[in-house]
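Secondary and tertiary structure notes
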Amino acid sequence: MSMPWGDSIWLALALFFVMEGVLPLAFPAHWRAWFRQMIELRDGQIRFLGLLSVLAGAAILLIA
């Protein structure tokens, strides 16, 4: 049973918001400290973290 593309996109977006909200909800002080550290990173370092995130997501999609 396959899910239509539109439903899959909404499901993925909903899961993204749930995952993004877990850390600020559970550990707001730690999340704030981590966010401050992220602000101090150089653009290249932030881009590298973004690249790692994209590659990890693509790998999970290929495996699933």
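Data block above holds the structure.
Predicted model, so just to flag it, every value in this text is computed and none were measured.

Quick word on the overall build of the protein chain
- Helix and strand counts for the protein chain come out as three helices and zero strands.
- Order of helices (α) and strands (β) in the protein chain, N terminus to C terminus: α-α-α.
- Taken against the 2.2 N^0.38 rule, which gives 11 Å for 64 residues, the C-alpha radius of gyration of the protein chain at 15 Å runs more than 25% over that of a compact globule.
- Counting only residues that meet the buried cut, the protein chain has 0% of its 64 residues in that class.

Overview of the packing of aromatic side chains
- All chains considered together, the criterion is met by two aromatic pairs.
- Geometrically, the ring pair formed by F16 and F17 is edge-to-face, given 5.5 Å between the ring centres and 65° between the ring planes.
- Note on F16: relative accessible area 44%, which makes it partly exposed.
- Seen from their ring centres, W31 and F35 are 5.2 Å apart, and the 20° between their planes marks the pair as stacked. Here the residue W31 and the residue F35 both occupy positions in helix α2 (residues 28-39), the gap between them amounting to four residues, near one helical turn.
- On the accessibility criterion, W31 (34% relative accessible area) is partly exposed.

A short note on a nonpolar patch on the surface
- Side chains of L23, F27, W31, W34, F35 and I39 sit close together on the surface and give an oily, nonpolar patch of about 650 Å² of accessible area.
- Looking at which element gives the most residues to the nonpolar patch, the answer is α2, with four residues.

The rules behind each value
- Residues numbered from 1 in each chain as written.
- Predicted model: local features only at pLDDT ≥ 70, side-chain atom pairs only at ≥ 80, totals over all residues.
- Heavy atoms only, no water.
- Helix = DSSP H or I, 4+ residues; strand = E, 2+ residues; numbered from the N terminus.
- Rg over C-alpha atoms; globule rule 2.2 N^0.38 Å.
- Buried < 20%, exposed > 50% of the residue type's maximum accessible area, 1.4 Å probe, protein only.
- Phe/Tyr/Trp six-rings, centres within 6.5 Å; stacked < 30°, edge-to-face > 60°.
- Patch = residues over 30% accessible without salt bridge, like charges linked within 9 Å, V, L, I, M, F, W, Y side chains within 5 Å.
- Areas by Shrake-Rupley, 256 points an atom, 1.4 Å probe, with all protein chains shown as cover.
- Salt bridge = Lys/Arg side-chain N within 4 Å of Asp/Glu carboxyl O.

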